[in-house]
Amino acid sequence: MVESLKRHGRLTQIELAGSTGLSPATVSNIVKELTASGILHTSFTSRSGRRATLVSLARQVGLVAGVHFSTRQLRIAIADATRTIVSETSIPLAPGHRHDAELDRLSILLGDMMESLGGSLGDLLAVGIGLPAPIDPRTGKISTPGLLPGWEGVDVAESLGARIERPAFVDSEANLGGLAEAREGSGRTASSSVFIRVGHTISAGLIVGGDLFRSVSGKTGQIGHMTIDENGPICRCGNRGCLETYASGPALLALFPESEGMQRLGDLLTAADDGVGSALRVIADAGRHIGIAAASLCNLFDPELIVVGGEIAQAGEILMAPMRHALERSALAATGGLPEIVGASFGEWAETRGAIAMALDHVTVDADVIAFTA
């Protein structure tokens, strides 16, 4: 029962009975016992016009932190066991940032945030970390050279854990964005889904039955390195004509002359929102390219839903409408129709919330003890 609540955040007693296979009477008795012991918290809600008991983990069970190092931004959120955010912050990152300096800074920030909550780093149960690169689950290190210089060859979770003396866990930003959307966002009711993150880089997280699908070396979902044109530009991965060379943030900004002032993705998004034709066209073309890549992914994986997140996803239908059109033209037809394409529920904080979910997955909550799972 506790595992179901860690996974979904809050459930009614009837939903708990369905997820655990226990009878409603048994669930009611267990809820009463764990509420009395301080592990669970109950409140009342209305479902389908009827009063229902809503059950969640008690806040005093402990705090976890979610961390997202994107290409240009660091986001940190601290949450309780109900996934309620109690503190959050974000700071810019310099191009070419390195793991040692940034993990030192993260350690200080986590300490300051916990102190502001009246606690210390020792009160954190676990920390989840998202990186803009695929992570080999066997080693905890970046699995593909060249994708994140300055972070390669390092077990980031182990390195941060040594600094703060707390358990830490790491995964790719796309995987964590997908996890957040599957657990508590747009993909919660889908049997399978894909989270496509479109920003300075492009990648995807694949979800089956609410859990991440991880490959042997962690490279699943790297659609940013699908070949769009084998004679195209050289990609940072060393290949030619990858999707990122046509639809990532740097590729889009490079299409504009310096005189137009398109220095950041925020400039591009603002221009598109203002109806600037060149900005609209560039984002729409990116959507078309991503839709073609998504069609190949759908032919292989056949998801029920596609969720689009990342910085460029803030363009909304300017990006997603061409994606749908390209998907309809390029994906194999199916009797049940093609996957729906929707925007991420949590915007740019999806990956951080996924890091929180990952941290909670590694915390074992018991009526008498709180432990950690490897």
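Under the annotation held in an unreviewed UniProt entry, the protein chain carries the name ROK family transcriptional regulator and is attributed to Microbacterium ulmi. What the UniProt record of the protein chain gives under Sequence similarities (unreviewed entry) is the line "Belongs to the ROK (NagC/XylR) family."

Before going further, it helps to spend a moment on the overall build of the protein chain. Tallying secondary structure elements over the protein chain gives 12 helices and 15 strands in all. For 374 residues, the compact-globule estimate of 2.2 N^0.38 gives 21 Å, and the C-alpha radius of gyration of the protein chain, at 21 Å, lies within 12% of that figure. Counting only C-alpha atoms, the protein chain reaches 65 × 50 × 40 Å along its principal axes. Residue pairs at least 24 apart in sequence account for 61% of intrachain contacts in the protein chain once pairs closer than 6 positions are excluded. When the accessible surface of the protein chain is totalled, it reaches about 16,100 Å², and 51% of it is carbon and sulfur. Side-chain charges of the protein chain comprise 30 positive and 41 negative groups, with the mean position of each set lying 3 Å from the other.

Moving on to the state of the cysteines. Any covalent bond linking the sulfur atoms of two cysteines counts as a disulfide. A full pass over the atoms with the stated rule returns zero disulfides. Here cysteine 235 is not disulfide-linked; the sulfur of cysteine 237 is the nearest cysteine sulfur, at 3.8 Å. Here cysteine 237 is not cross-linked by a disulfide; its sulfur's nearest cysteine counterpart is in cysteine 242, at 3.7 Å.

The predicted coordinates ought not to be read in detail in places where the model reports low pLDDT. In this model, the protein chain carries an average pLDDT of 89, and 91% of its residues clear a pLDDT of 70 or more. Of all secondary-structure elements in the protein chain, the lowest mean pLDDT belongs to strand β15 (residues 370-372), at 42, while strand β8 (residues 168-172) reaches the highest, 98. Low confidence marks residues 367-374, where pLDDT is under 50. Its contacts with residues over four positions away, or in another chain, come to 23 contacts.

The five strands lie next to each other as β6-β5-β4-β7-β8, forming an open sheet whose pairing is mixed. Two strands in the sheet have a free side with no partner beyond their single neighbour: β6 (85-92) and β8. Direction aside, the axes of adjacent strands within the sheet are offset by 15 degrees on average. Taken together, the five bridges between strand β7 (residues 124-131) and β8 define a ladder with parallel strand orientation.

What follows deals with the domain arrangement of the protein chain. Partitioning the protein chain into domains gives domain 1 (1-57), domain 2 (63-176 + 352-362) and domain 3 (186-344). Computed from C-alpha coordinates alone, the two centres of domain 1 and domain 3 are separated by 38 Å.

Axis separation between helix α9 (residues 265-273) and helix α10 (residues 277-301) bottoms out at 7 Å; the angle between their running directions is 110 degrees. With respect to each other, α9 and α10 are oriented roughly perpendicular. In this structure, α9 crosses over α10, and the sense of that crossing is left-handed. Contacts between α9 and α10 involve Leu268, Leu269, Ala271 and Ala272 from the first element and Ala279, Leu280 and Ile283 from the second. Grouping the constituent residues of the contact of α9 with α10 by class yields seven nonpolar, no polar and no charged.

The strand order across the open sheet built from five strands is β11-β10-β9-β12-β13, with neighbouring strands paired in mixed fashion. Single-partner strands in this sheet number two, and they are β11 (211-212) and β13 (340-343). As defined by bridge partners, strand β12 (residues 305-309) adjoins β13 across four bridges and the pair is classed as parallel. Counted as the bridge partner of valine 307 is valine 342 from β13.

Within the largest apolar cluster, 39 residues are counted, with the highest numbers of intra-cluster contacts made by Ile196, Leu268, Ile290, Ile306, Val308, Leu319 and Leu327. When residues of this core are traced back to their parent elements, those giving at least two are β9 (192-198), β10 (202-208), α8 (249-253), α9, α10, β12 and α11 (317-330). The element that contributes the greatest number of residues to this core is α10, accounting for 10 residues. With sequence-adjacent residues up to four places away left out, leucine 327 is seen in contact with Gly291, Ala294, Ala295, Cys298, Ile306, Leu338, Pro339 and Ile341. Core analysis: the second largest hydrophobic core is formed by 32 residues, Ile78, Leu93, Met114 and Ile135 among them.

Within the secondary structure layout, serine 87 lies in strand β6. Filtering out sequence-adjacent residues up to four positions away, serine 87 remains in contact with Ile76, Ala77, Ile78, Met113 and Leu117.

Calculation criteria
- Residues numbered from 1 in each chain as written.
- Predicted model: local features only at pLDDT ≥ 70, side-chain atom pairs only at ≥ 80, totals over all residues.
- Heavy atoms only, no water.
- UniProt positions renumbered as here; feature names shortened; annotations may be inferred.
- Helix = DSSP H or I, 4+ residues; strand = E, 2+ residues; numbered from the N terminus.
- Rg over C-alpha atoms; globule rule 2.2 N^0.38 Å.
- Contact = heavy atoms within 4.5 Å.
- Areas by Shrake-Rupley, 256 points an atom, 1.4 Å probe, with all protein chains shown as cover.
- Lys, Arg positive; Asp, Glu negative; His and termini not counted.
- Charge placed at Lys NZ, Arg CZ, Asp CG, Glu CD.
- Disulfide = S-S within 2.5 Å.
- pLDDT = per-residue confidence, 0-100.
- Pairing = 2+ DSSP bridges.
- Axes fitted to C-alpha atoms, helices over the stretch in contact; angles between N-to-C directions.
- Domains from an automatic or database assignment.
- Parallel < 35°, antiparallel > 145°, perpendicular 65-115°, else oblique.
- Left-handed = near helix turned anticlockwise from the far one by under 90°.
- Nonpolar A, V, L, I, M, F, W, Y, C, P; charged D, E, K, R; others polar.
- Core = buried A, V, L, I, M, F, W, Y, C linked by side-chain atoms within 4.5 Å.
- Buried < 20%, exposed > 50% of the residue type's maximum accessible area, 1.4 Å probe, protein only.

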